[in-house]
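Architecture at a glance
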Amino acid sequence: MKQEGITETKLRLLSNITGAFRPGVLTALVGVSGAGKTTLMDVLAGRKTGGYIEGDIRISGFPKNQKTFARISGYCEQSDIHSPQLTVRESLIFSAWLRLSSDVDSTTKMVGDD
Amino acid sequence: MIHSPHSAAQACSKNCPNSFCPCHVLWISSRDNSRPKGLGFRVLDQFDKQAKTVFNVCFSCLGKLQSFVEQVMDLVEMKSLEFALVGLPAISGLSTEQRKRLTIAVELVANPSIIFMDEPTSGLDARAAAIVMRTVRNTVDTGRTVVCTIHQPSIDIFEAFDEVCITVFLPFLKKFQQPM
């Protein structure tokens, strides 16, 4: 690209984005191909580690801390990657085992599920 | 609809029906002066304390997870498939749509307050997409926040969403902003 006269070393993928996702609400992120939907979501979920991220992300008004945010967020990728040899139940238990607190006694019930 | 961040945050604090719901407002801003004030913050930590199943020492941890996993399976409507092998994509085992629901379930067992989904309905036919959207809707109805990217949604899928954020190319935006 430099040979073709582009002198900048950084490429801006997203610019001037402001918005809020309300709690308990299903929000669609809509845009044409290449508009940066996935990039935006990767940045919000903390999956983009390379490059430069400017601006701020807040959770309920508090600055996002990736360590705690990773504990309260989930991310379903576009490609479904699962172990073919496991059953559905085993897949879920495996995930729960890895991702829930080791104090599983207290995590037997889902919040908001009566 | 592109939200004014301040009003959206205020609307959220008003609309939150359940004081115990796992509520978070995800706040993104490219400016620092638009910070919301006086908004509640509640982490999803109100777990019910119920654990009965114990297998043996080795599997006790696993046993206690069972009832939790059971609830997640009910939520994604995969109870009947619980002992089905996942298999290889397009060769054996679960269908694309069932795999998608399994992906959602795998995230759900981590008990998140907010879930991001990257094009959950892409590559699915209308019926399969509707089933996946029903799962997503069930997830939202537990009080969680869900953010999906979506591409060319059909009207049935589009109507399942509560809110829409649109990302646009700046040149397009400038074109619309020009006076007629």
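For the structure, see preceding data.
The notes below deal with the structure included here. (Residues numbered from 1 in each chain as written. Chains lettered and ligands numbered in written order. Predicted model: local features only at pLDDT ≥ 70, side-chain atom pairs only at ≥ 80, totals over all residues. Heavy atoms only, no water.)

Side note on the pairing of strand S2 (residues 114-118) of chain B
- Taken across its five residues, S2(B) has five buried, putting it largely inside the fold.
- Residues Ile114(B), Phe116(B) and Asp118(B) of S2(B) are buried on one face, and the alternating residues Ile115(B) and Met117(B), pointing to the opposite face, are buried as well.
- Bridge analysis of strand S5 (residues 73-76) of chain A against S2(B) gives four bridges, and the strand direction is parallel. Directly across from Ser73(A), in S2(B), lies its bridge partner Ile114(B).
- In this sheet, strand S3 (residues 145-150) of chain B lies alongside S2(B) in parallel orientation, the contact comprising five bridges. In the strand pairing of S3(B), Ile114(B) is matched with Thr145(B). (Buried < 20%, exposed > 50% of the residue type's maximum accessible area, 1.4 Å probe, protein only. Helix = DSSP H or I, 4+ residues; strand = E, 2+ residues; numbered from the N terminus. Pairing = 2+ DSSP bridges.)

A word on the side chain of Arg101(B)
Residue and element names in this part refer to chain B.
- Considering the arrangement of structural elements, one finds Arg101 in helix H3 (residues 96-108).
- Given the relative accessible area of 6%, Arg101 is considered buried.
- Within the structure, Arg101 has its side chain in polar contact with the backbone oxygen of Glu77 (distance 3.0 Å).
- Residues in contact with Arg101, not counting those within four places in the same chain, are Val76, Glu77, Met78, Ile131, Val132 and Thr135. (Polar contact = N/O pair within 3.5 Å; in protein donor to acceptor, adjacent residues only side chain to side chain. Contact = heavy atoms within 4.5 Å.)

Brief notes about the sheet that holds S2(B)
- Reading across from one edge, S5(A)-S2(B)-S3(B)-S2(A)-S4(B) is the order of the five strands in this open sheet, with parallel pairing throughout. In the strand order of this sheet, the two ends are held by S5 of chain A together with strand S4 (163-167) of chain B, each with one partner. Within this sheet the neighbouring strands show an average axis-to-axis angle of 15°, counted without direction.
- Bridge analysis of strand S2 (residues 26-31) of chain A against S4(B) gives five bridges, and the strand direction is parallel. The partner of Thr27(A) across the bridge, within S4(B), is Glu163(B). (Axes fitted to C-alpha atoms, helices over the stretch in contact; angles between N-to-C directions.)

Structural notes on the packing of helix H3 (residues 88-99) of chain A against H3(B)
- Packing of H3(A) against H3(B) leaves a shortest axis separation of 8 Å and a crossing angle of 30°. Viewed along their axes, H3(A) and H3(B) adopt a mutual orientation that is roughly parallel. Crossing geometry of H3(A) relative to H3(B) is assigned as right-handed. Here Val88(A), Ser91(A), Leu92(A), Ser95(A) and Arg99(A) of H3(A) come into contact with H3(B), specifically with Leu102(B), Ala105(B), Val106(B) and Glu107(B). (Parallel < 35°, antiparallel > 145°, perpendicular 65-115°, else oblique. Left-handed = near helix turned anticlockwise from the far one by under 90°.)

With respect to the nonpolar core
- Membership of the largest hydrophobic core comes to 41 residues, with the highest contact counts inside it found for Leu26(A), Leu92(A), Leu102(B), Met117(B), Val136(B) and Phe161(B).
- Secondary structure elements with two or more residues in this core: S2 and H3 of chain A together with helix H2 (60-75), H3, S2, helix H4 (126-141) and S3 of chain B.
- Here the element with the most residues in this core is H4(B); it accounts for six residues.
- Ranked by size, the runner-up nonpolar core spans 16 residues in total, among them Phe21(A), Ala45(A), Ile59(A) and Phe116(B). (Core = buried A, V, L, I, M, F, W, Y, C linked by side-chain atoms within 4.5 Å.)

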